[in-house]
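# Secondary and tertiary structure notes
Take a look at the letters that make up each chain.
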Amino acid sequence: NITAMNITIRTTSKNDKEAFLALMDEFYHTSAVLHPIPKENMEKCFSDSIKYSEHIRTYLFEDNCLAIGFAIVTIGYSSEAGGLSVWIEDIYLRESYRGMGLGSKFITSIENEFKGKAKRLRLEVEEDNEKAIRLYQKQGFEILPYMQMIKDI
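Now for a description of the structure that goes with this document. Please read all numbers here as calculations on a predicted model, not as lab measurements.

Analysis parameters
Residues numbered from 1 in each chain as written. Predicted model: local features only at pLDDT ≥ 70, side-chain atom pairs only at ≥ 80, totals over all residues. Heavy atoms only, no water. Helix = DSSP H or I, 4+ residues; strand = E, 2+ residues; numbered from the N terminus. Rg over C-alpha atoms; globule rule 2.2 N^0.38 Å. Core = buried A, V, L, I, M, F, W, Y, C linked by side-chain atoms within 4.5 Å. Buried < 20%, exposed > 50% of the residue type's maximum accessible area, 1.4 Å probe, protein only. Contact = heavy atoms within 4.5 Å. Lys, Arg positive; Asp, Glu negative; His and termini not counted. Salt bridge = Lys/Arg side-chain N within 4 Å of Asp/Glu carboxyl O.

As a further point, take the overall build of the chain. Assigned secondary structure in the chain consists of four helices and six strands. Counting from the amino terminus, the chain carries its helices and strands in the arrangement β-β-α-α-β-β-β-α-β-α. Computed over its C-alpha atoms, the radius of gyration of the chain comes to 15 Å, within 12% of the 15 Å expected for a compact globule of 153 residues. Each of the three principal axes of the chain carries a C-alpha extent, and together these read 40 × 35 × 35 Å.

One finds Phe61, Ile88 and Phe106 to be the most contacted residues of the largest nonpolar core, which totals 23 residues. Taken together, the elements giving at least two residues each to this core come down to β2 (7-11), β3 (56-63), β4 (66-78), β5 (83-93), α3 (102-114), β6 (118-123) and α4 (130-138). Looking at this core, the element that brings in the most residues is α3, giving five residues. In this structure phenylalanine 61 touches Thr8, Ile9, Leu66, Ala67, Ile68, Gly69, Phe70, Ala71, Ile91, Leu93, Leu102 and Phe106, once residues within four positions along its chain are discounted. In terms of nonpolar packing, the next biggest core, distinct from the first, is built from 16 residues, Met24, Phe27, Tyr28 and Phe70 among them.

The next point concerns the side chain of aspartate 90. With respect to the secondary-structure elements, aspartate 90 resides in strand β5. Buried charge without a salt bridge: aspartate 90, with arginine 98 as the nearest opposite-charge side chain at an N-O distance of 12 Å. Residues within four places of aspartate 90 in sequence aside, it is in contact with Met24, Phe27, Tyr28, Phe70, Ala71 and Ile72.

Okay, here's the thing in C-alpha cells:
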C-alpha cells in the first residue's frame, strides 16, 4: 500500500469489484484507449486478478475511501529481457487527480516491488497521449522503435 496525502493505492479485494469495474468502464470510454472493451472482459479481468494474483494484479487508488483510479499489472516472461517482464496494462486516474504525482508513485512502487525479481517494466500508450508519455519518460521508459501486432484466438 502507498499512502500520500489522503490517497491510498492498494491491491484490490473481492469487495472492490463494483468500484473497480466502474473505473475500468470510465477508462475504456476515454481517448486514452483505441476502443471500449466488453463488460464481460472487465469482469473476467477482475475475477482473474483475485484468482491468479501471481500473474495479474489489480490496484485501486482511493481518496478517503472514495475510488478515484485503478491499475492493472501483469507478469510474464521476456526472452529479450532475460527474465520476468512486468506489464503495466492499464493505469487510470480521474481527471481531478492527475498531475499530483500519483502515477509516478505507483510506477516507482511497482519498480521497487519487482526489483531483483523482474528484468523489465513495460507499458503501452496512445501516441497522442502527450501527458502520459511525458510521465513515463520521466520515469525512465523509452519508446520502442517497432510496431506490435496481435491476433485474438
